[in-house]
Amino acid sequence: MNEKILIVEDDRSIRSFMRVLLTAQNYHVIEAEDGNGGITLALSNQPDVILLDLGLPDNDGLTVIREIRPHVNSSIIVVSARGKENDKVSALDEGADDYLTKPFNAQELLARIRVALRHRKATADKAVIPEESFCYEGLCVDFERRKVLVNQQEVHLTPIEYQVLSLLIKHQGKVLTYRFIVKEVWGSVALESDTQTLRVTMANLRRKIEADPARPSYIVTEIGIGYRFCEDPS
Amino acid sequence: MDFRFTDRKRAGRDFAISLMMVAFTTLVSLFFKSLDFQDATLTITYLLGVMGVAALTRGKFFGILASFLSVLSFNFFFTQPIFTFYINHPDYLVTFIVMFVASVLISSLTTRLTHQTELSNLRQERLRLLDEINRLFIHSVSIQDTLGKVADLSASYFKGEVKIVVLTQGGPLLFKSVVPFETDDFEPTIITHPLTTESEMSGSFSLKTHHPLTEETAQFTLNVANQISAALEKEALLRTQTQAQIEIREQKLRNSLLGAISHDLRTPLATIIGSTDTIIENYDQLNEPIKKELLTNIRDDAEWLIESVENILSFTRVEDGKLKLNKQMESVEDLFGDLVSHVVSTAKQKFVLDVPDELLMVPMDGALMEKVLLNLLNNAVKYSPLDSEITLRAYRKGKTAVFEVSDHGLGIPKEQHEKIFERFYSGDVGYLTKRKGLGLGLSICKAIVEAHNGSISAHDNHPQGSLFRVVLPLEGGLSDE
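What this report covers is the structure whose coordinates are included nearby. In this text, all values refer to a predicted model and were calculated from it rather than measured experimentally.

1. Considerations on the packing of aromatic side chains
Scanning all chains against the criterion turns up 21 aromatic pairs over all chains. Taken together, a centroid distance of 5.7 Å and an interplanar angle of 80° make the contact between Phe134 of chain A and Phe229 of chain A edge-to-face. Within this pair, whereas Phe134 of chain A is found in strand 6 (residues 133-136), its partner Phe229 of chain A is found in strand 12 (residues 226-229), the two being separated by 95 residues in sequence. Taking relative accessible area as the criterion, Phe134 of chain A reaches 13% and is therefore assigned buried. Owing to a relative accessible area of 0%, Phe229 of chain A belongs among the buried residues under this scheme. Geometrically, the ring pair formed by Phe68 of chain B and Phe100 of chain B is edge-to-face, given 6.5 Å between the ring centres and 80° between the ring planes. Within this pair, whereas Phe68 of chain B is found in helix 3 (residues 61-78), its partner Phe100 of chain B is found in helix 4 (residues 90-138), the two being separated by 32 residues in sequence. Residue classification places Phe100 of chain B among the partly exposed residues on the basis of a relative accessible area of 29%. The structure contains a cluster of three or more aromatic residues connected by ring pairs, namely Tyr46, Phe74, Phe76, Phe77, Phe78 and Phe96 of chain B. The positively charged end of Arg112 of chain A is found above the aromatic ring belonging to Tyr99 of chain A, 5.6 Å away from the centroid. For the cation-ring pair, Lys291 of chain B lies above Tyr283 of chain B, with the distance from its terminal atom to the ring centre recorded as 3.9 Å.

2. Some words on the sheet that holds strand 11 (residues 466-473) of chain B
Strand pairing in a sheet relies on backbone hydrogen bonds. The paired strands run either parallel or antiparallel. All names here are of chain B. Taken together, five strands build an open sheet; the order of strands is 6-8-9-11-10 and the sheet is mixed. Pairing within the sheet leaves two strands with one partner each, and these edge strands are strand 6 (350-354) and strand 10 (455-460). On average, adjacent strands in this sheet sit at an angle of 15° to one another, irrespective of strand direction. Where strand 6 lies against strand 8 (residues 389-397), five bridges are found, and the strand directions are parallel. Note on strand 8: the bridge partner recorded for Phe351 is Ile390. Most of the contacts of helix 8 (residues 332-343) go to strand 8, to which it runs at about 170°, and overall it touches strand 6, strand 8 and strand 9 (400-407).

3. Some details on the pairing of strand 6 of chain A
Residue and element names in this part refer to chain A. With burial as the criterion, only one face of strand 6 is covered, namely that bearing Phe134 and Tyr136; the residues Ser133 and Cys135 on the opposite face remain uncovered. Summarising the sheet, strand 6 and strand 7 (residues 139-142) pair through four bridges and their orientation is antiparallel. Counterpart to Phe134 in the pairing with strand 7 is Val141. What sits between strand 6 and strand 7 in their antiparallel hairpin is a turn of two residues, with Glu137 showing a positive phi close to 45°.

Parameters and conventions
Residues numbered from 1 in each chain as written. Chains lettered and ligands numbered in written order. Predicted model: local features only at pLDDT ≥ 70, side-chain atom pairs only at ≥ 80, totals over all residues. Heavy atoms only, no water. Phe/Tyr/Trp six-rings, centres within 6.5 Å; stacked < 30°, edge-to-face > 60°. Helix = DSSP H or I, 4+ residues; strand = E, 2+ residues; numbered from the N terminus. Buried < 20%, exposed > 50% of the residue type's maximum accessible area, 1.4 Å probe, protein only. Lys NZ or Arg CZ within 6 Å of the ring centre and 35° of its normal. Pairing = 2+ DSSP bridges. Axes fitted to C-alpha atoms, helices over the stretch in contact; angles between N-to-C directions. Contact = heavy atoms within 4.5 Å.

Structural data, given as structure tokens:
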């Protein structure tokens, strides 16, 4: 079954190359030129992935996300220019799942789409049964016993550190904003001090699981936005 | 002058002078009489006395009083019968009348002369004060300094307390100067005049004095205030003019920037158009490797263009002063981690990262600082041989965080260590680049770092290469979100 991808982008050339690229990967592509068209097509077609440009002429992406998020199950990937971190964070907090920075190359686009599809499929299939364990490149987490092993050595994490790690693993490959992590783990709306606590927690966590905290192989920082757990570039 | 009856002490003194002078002239006349001088001489002696009184006293009154007393004295001491006020000859009456009239006239003339001289001196004094004030403003180095001196001058001239208030952009400035008056017999009077610049009130000049104030003096305080206003107005105009000159220079710079940009951007665009045309025209004839090469060239040129565009955008934002920092407490590891994933993977050189063991959190705009370090790293990559090492180090030093990017490449001559941060300064083509940059990168880095109240500098690395050091303060507020 071909996955459906909706492209909401006003520039014709960009739409063109995306269409060619995605069709070559056997995705089914539908296009909208503006926000309203995007909302209409999203609601009527229920695509698997929506690529939404944040620089649309008639609408800022946030409105589109707000309109469609409650009604569609799609993974929303927002596309925005460099230096517009705040726009991306707002979009992510509003309900977008991931982001791309213009100009992006083909591999990045395809990788993000793959991650988005995987998570969507995962949540659809395994809505009830949680994962029992997870392994990635030397890091193994046993969710049932709450044990974490790095290269077969057990690592002791604090409950907060464990929660942060599990959350990132659960959304492997997807970026999670600082605010989102704080809300999920600490349960409160993000205050200035909370994001700082998160950074400190992350630093401690990295020291425990990464071989070189400055060159992380598991958890990657997207500065100004949040964290992402690495995935196989398959 | 309206001092006459308010100044009682003065009046007392003047009265005493009149009496003493008449007494003195009487004595002299008696002496002359003993020498058998004529009456005419005596009359003239008295007249001289009256002139003296007129010169030494204030107002016409004492001159006239002295005239009257002189006539009486002359009558008593010198007319027959002597030592009485009787006269036995009617001729003497005429003498008395003539003497009285003459002395009154003389007294009046003398008074007027004295008055004029006083006035003239006063005017000179005042002109001198205004001139001094004007000169102070002409040679003014700082308005603060000058106004202080003006207050001092005014206070010592008027003998009282002078307050000058000037409204500036940073708030009102007050200059006060006090010269104590000898006595405070009188109630203090306060006069205030507004200072105006371009018909708008820009401050005030006020004088508080125990010195009795005449209307003329009050008028003069207005003159002083106007003088100060004029000087301030001139200064404001000068400032506007300088501002206008600065803006003209900015405009010129902007135009030259646009010129440079158009020139530099045209070349890669020409290459792109050329390469794509070639592929389109000769699509079937060209073999795969050639097509791949042309397409890769197009991509490289496009990459160069996007970097330049980003740099230009940042540059204009910096120049317009619209660089808004979104400061958060970021951990150095987070910053490095993100950098690493962007640069290290694509570069051929070997990267060494050095971060402190304990967590180092620095208040900064993460995205902008990443731009800075990315720029430095990219430069290191460009100007280092492909098999060399590039080191990225961060450490805490006292109340600052220090970031260092060092390479073993070509290095930068010491004379240029400061110049490279100037706008439009571009170095030679490095190892990897095919094309020189716009020369904006380092000036943008400097602007960003300095907006953080930090500093950036270039040094020599040993045995060869360059070391760029960025120092950021660890204290400093965060921006509100």
